[in-house]
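One-letter residues, chain by chain:
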Amino acid sequence: MTTNRRGFLKGGAALGAGAMLTASGLTEYAKAWAQSSQWKPEAGATINLLRWKRFVQGEEDQFIKIVAAFEKATGVKINVTNESFDDIQPKASVSANTGVGPDIVWPLHVTPHLFPDKLVDMTDVADYLGKKYGGWVPVAEAYGKSKGKWICIPVAVNGGYINYRISSMNAAGFSKFPDTTAGLLELCKAMKAKGTAVGFALGHASGDANAWLHWLLWSHGAFLVDKDDKVIINSPETVKAMEYCKALSDTFIPGCASWNDSSNNKAYLSGELHLTANGISIYAAAKASGDAKQLAIAEDTDHAFFPLGPSGKPAELQLAFPLMVFKYTKFPNAAKAFTAFMMEAEQFNPWLEGAAGYLTHCLNAYDANPVWTADKKRLPFKDAAKRTLPISGLGSIGEKAATAVADFIVVDMFANYCTGREDLKGAIAQAERQAKRIYR
Amino acid sequence: MDDFTLFSIGSGTMTATATLSKDRIEPRYSAWERLKSNRDWLGFWFMMPAAAILLLFLAYPLTKGVWMSLTDVKIGRPGVFVGLENYEELIFFDKTFLYSTGFTIIYTAIASAAKFVLGLYLALLLNNNLPFKSLIRSIVLIPFIVPTVLSAIAFWWIFDSQFSIISWALRKWGVIDHNINFLGDPILAQATVIFCNIWRGIPFIAITLLAGLQTVSPSLYEAATLDGATKWQIFRHITYPLLTPIIAVVMTFSVLFTFTDFQLIWAMTRGGPVNATHLMATYSYQKGILGGQLGEGAAIATAMVPFLLAAIMVSWFGLQQRKWQQGSKE
């Protein structure tokens, strides 16, 4: 690294001088940052970055600003490509297999653990950020590390919580949102009786269905595997969770089995659905729409933590967005520099604000970000990274956990039973068989 | 050896002489030189480019796929040979695989039969003298021209659980009091995707059969009409036999396309609800690419091959061996 530092400094100074005329404050800062940073981008570096498609324009706008500032300060060219998040993993997988593709990929939760050996060791970046910003939340460390090394930087998680219409909840006889699973069932029954529909995705909705069904399983103290990756899904706790889910699904609006990630958003925003599990996107979209009917829905909407189940502990599943760098990149230092740069407070704070509650930080220092206080309806989302378990539950985070989720084992187990396609034992047995096959 | 060289090199005397003189200095030709210039091998050389393309783009991927299905390869790392384990697992334990195989067969059978009947009917209609004949024929092709994903997304909205225009219209008319759960109910979802496949597939069959119909000589129809044949008899004994070869080709393709369908299902249901509309192709994608289990994904894809071969055999031998040629008796 030291050998090319001098060369870079010269080049950087020249570029900096050129940029000086039009430089904004951010660029000034970025230049100073680049000068003092421990990661010196390779000369002439070009980074191709593949990221998940933004939920919200404000977040992307901030991201583009970060990219532009970094480009100006360092002379590194960054090409950003967006893909909907179902498509990122296949692309990243192909890249990992062939050694050709984007240098930086910003996928969902476990994707980095599908091919840990193909990724650049990011331990120095993670340690630097952790030290500077109050440490990582436990789940970030769980997601970030493989065999003691950081293989990715968990930038943020996307929190999913209960979205409900306040007036409908009140009309059903509840003044505040229930904090136990038993209370939730009562509320859903009462809301259904009042003709205000409730519904949670039971289809292959990789975000929504995985999130709420894993919460349901875990909050009952049931898990797919234990900490030694032994399959323990066939348990009395699972049976309880399944029975609860069946009872809850009896209160659902028809069609939940076909829902993908956008279905409940559409239904809620049309006023047909009054309670569901989702990210902040429904509320944010309604608020941003400027349409009177939508604004009224936003006004009447609030969020609540997933209630505690028999286990008595928060056990949610939130989507993590780790950023990873492939070993085949010719410019690992540029990629590291960019990663560290975007996570610095000067960039990360406005970015988190731009995300308007869609995304939750994994570094403790960002608890103080005004995004969480500007609108009290966003408050539950502040703790998303602290309340979530990793996607593997108790087990090890790795390709097995990733495969189990990608195969929708838990989702299908619940859906099979709730739709009557399988009986209770059959549905659990099928999940157990699939899980054992993956965890052999 | 000299005889051989003389015989095989070039046709012109000049070349032969030149070769002869050269031969005296260097009497031995390598096997490669002989192969290069041997006329019997010429055909082989001309075949090479085509063979190379077939090997590279067909045989190699197919062999590689079969090989992968015998290993536990995962995305991002090579696997080891596990024999038939993937197949055992799929056939004996994986209910979703059995469901998806069953549904693929049902999907193909119903959709192909319906597409054939409706396509043939449409072709016969279009073969009549209609006003704006070519315009109507072009319009008929539209479902086939629209990219599948686009039409699938349109269908997804048409059959949405909450926003279906069909449910909406029926509700407005007071026929039903709640939305029809088109894509949320397993059986309805299966029927829906089959319907969409039929809609998309009819034009291909109709237009191809129409092309076939136009090659039937009108004199045959005239003769039959003079002999007092009914419309049905004309169809049964003239049109149908003459159309048989093209039906064989068209239906082979249709069955293959339907059996390997992917886009429609993926855009509309992702194989849901509760895996009821998974076809082998979508299940293979979910296992192999999304789930990262390339070996199992490859095994599912390979398991499609025997079905496809069987379909081809049935079409070719079943339909082509009939004595359809003009003038022969059945």
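Residues numbered from 1 in each chain as written. Chains lettered and ligands numbered in written order. Predicted model: local features only at pLDDT ≥ 70, side-chain atom pairs only at ≥ 80, totals over all residues. Heavy atoms only, no water.

Trainee: How should I be thinking about the overall build of chain A in this particular structure?
Mentor: A count of helices and strands for chain A gives 22 helices and 12 strands. For a compact globule of 440 residues, the expected C-alpha radius of gyration is about 22 Å, and chain A comes in at 23 Å, within 12% of that figure. Residues counted as buried form 62% of the 440 residues belonging to chain A. Of the contacts formed within chain A by residues at least 6 apart in sequence, a portion of 77% connects residues at least 24 apart. Put simply, chain A has 47 plus and 43 minus side-chain charges, and the middle of one group is 3 Å from the middle of the other. (Helix = DSSP H or I, 4+ residues; strand = E, 2+ residues; numbered from the N terminus. Rg over C-alpha atoms; globule rule 2.2 N^0.38 Å. Buried < 20%, exposed > 50% of the residue type's maximum accessible area, 1.4 Å probe, protein only. Contact = heavy atoms within 4.5 Å. Lys, Arg positive; Asp, Glu negative; His and termini not counted. Charge placed at Lys NZ, Arg CZ, Asp CG, Glu CD.)

Trainee: Even after reading the chapter, I still don't get the domain arrangement of chain B, so can you show me in this structure?
Mentor: Often, the extent of an interface is quoted as the loss of accessible area upon association of its parts. All names here are of chain B. Each assigned domain of chain B is listed here: domain 1 (2-69) and domain 2 (85-320). Counting residues at the interface gives five residues for domain 1 and eight residues for domain 2. Interface of domain 1 and domain 2: buried area, both sides summed, is about 420 Å²; carbon and sulfur atoms make up 66% of it. On the domain 1 side of the interface with domain 2, the three residues burying the most area are Val 66, Met 68 and Ser 69, jointly 84% of the side's total. Between domain 1 and domain 2 we count zero salt bridges in total. Applying the counting criterion to the domain 1 and domain 2 interface returns two residue pairs in polar contact (both at pLDDT 80 or more). (Domains from an automatic or database assignment. Buried area = accessible area lost by both parts, 1.4 Å probe. Salt bridge = Lys/Arg side-chain N within 4 Å of Asp/Glu carboxyl O. Polar contact = N/O pair within 3.5 Å; in protein donor to acceptor, adjacent residues only side chain to side chain.)

Trainee: Where do I start with the pattern of salt bridges in this structure?
Mentor: Pairing between side chains becomes possible if they bear opposite charge and their charged atoms approach one another. On inspection of all chains with the given rule, the structure shows 24 salt bridges over all chains. Across the pair Asp94(B) and Lys287(B) runs a salt bridge whose closest N-O atoms are separated by 4.0 Å. Of this pair, Asp94(B) sits in the loop between α5 (85-93) and α6 (95-127) while Lys287(B) is found in helix α15 (residues 280-290), placing the two residues 193 residues apart along the sequence. Each of the two residues, Asp94(B) as well as Lys287(B), counts as buried. Each of Asp407(A), Arg433(A), Arg437(A), Arg440(A), Glu85(B), Glu89(B), Asp94(B), Lys287(B) and Glu296(B) takes part in salt bridges that share partners, so that together they form one network.

Trainee: Could you clarify how one ought to interpret the interface of chain B and chain A in this entry?
Mentor: Listed per partner, the contact involves 37 residues of chain B and 37 residues of chain A. Taking both sides of the interface into account, the surface hidden between chain B and chain A amounts to around 3300 Å²; carbon and sulfur atoms contribute 44%. There are eight salt bridges connecting chain B and chain A. With a shortest N-O distance of 2.7 Å, Glu296(B) and Arg437(A) are connected by a salt bridge. Inspection of the chain B/chain A interface yields 18 residue pairs in polar contact (both at pLDDT 80 or more). Among the secondary structure elements, those contributing two or more residues to the side of chain B that touches chain A are α5, α6, α9 (148-158), α15 and α16 (294-320) of chain B.

Trainee: Help me understand the sheet that holds strand β10 (residues 301-304) of chain A in this model?
Mentor: Residue and element names in this part refer to chain A. The strand order across the open sheet formed by four strands is β8-β9-β7-β10, and the pairing between neighbours is mixed. Edge positions in the sheet fall to β8 (197-198) and β10, since each of these pairs with one other strand and no more. Note: strand β7 (residues 161-165) against strand β9 (residues 273-278), four bridges, orientation antiparallel. Across the sheet, Asn 163 pairs through a bridge with Thr 276, a residue of β9. Sheet contacts for helix α9 (residues 181-193): β7, β8 and β9; angle to β9, the most-contacted strand, approximately 150°. (Pairing = 2+ DSSP bridges. Axes fitted to C-alpha atoms, helices over the stretch in contact; angles between N-to-C directions.)

Trainee: Would you explain the sheet that holds strand β1 (residues 46-52) of chain A in this entry?
Mentor: Strand pairing in a sheet is mediated by backbone hydrogen bonds. Such pairs are either parallel or antiparallel. Residue and element names in this part refer to chain A. Strand order in the open sheet formed by six strands is β2-β1-β3-β11-β6-β12, and the pairing between neighbours is mixed. Of all the strands in the sheet, the pair left with one neighbour each is β2 (77-83) and β12 (359-361). Neighbour-to-neighbour, the strand axes of the sheet open up by a mean angle of 20°, direction not taken into account. Across three bridges, strand β6 (residues 153-158) lies against β12 in antiparallel orientation. Looking across to β12, one finds that Asn 158 is bridged to Leu 359. Against the sheet, helix α4 (residues 85-98) touches β1, β2, β3 (104-106) and β11 (319-325), its axis set at about 135° to β1.

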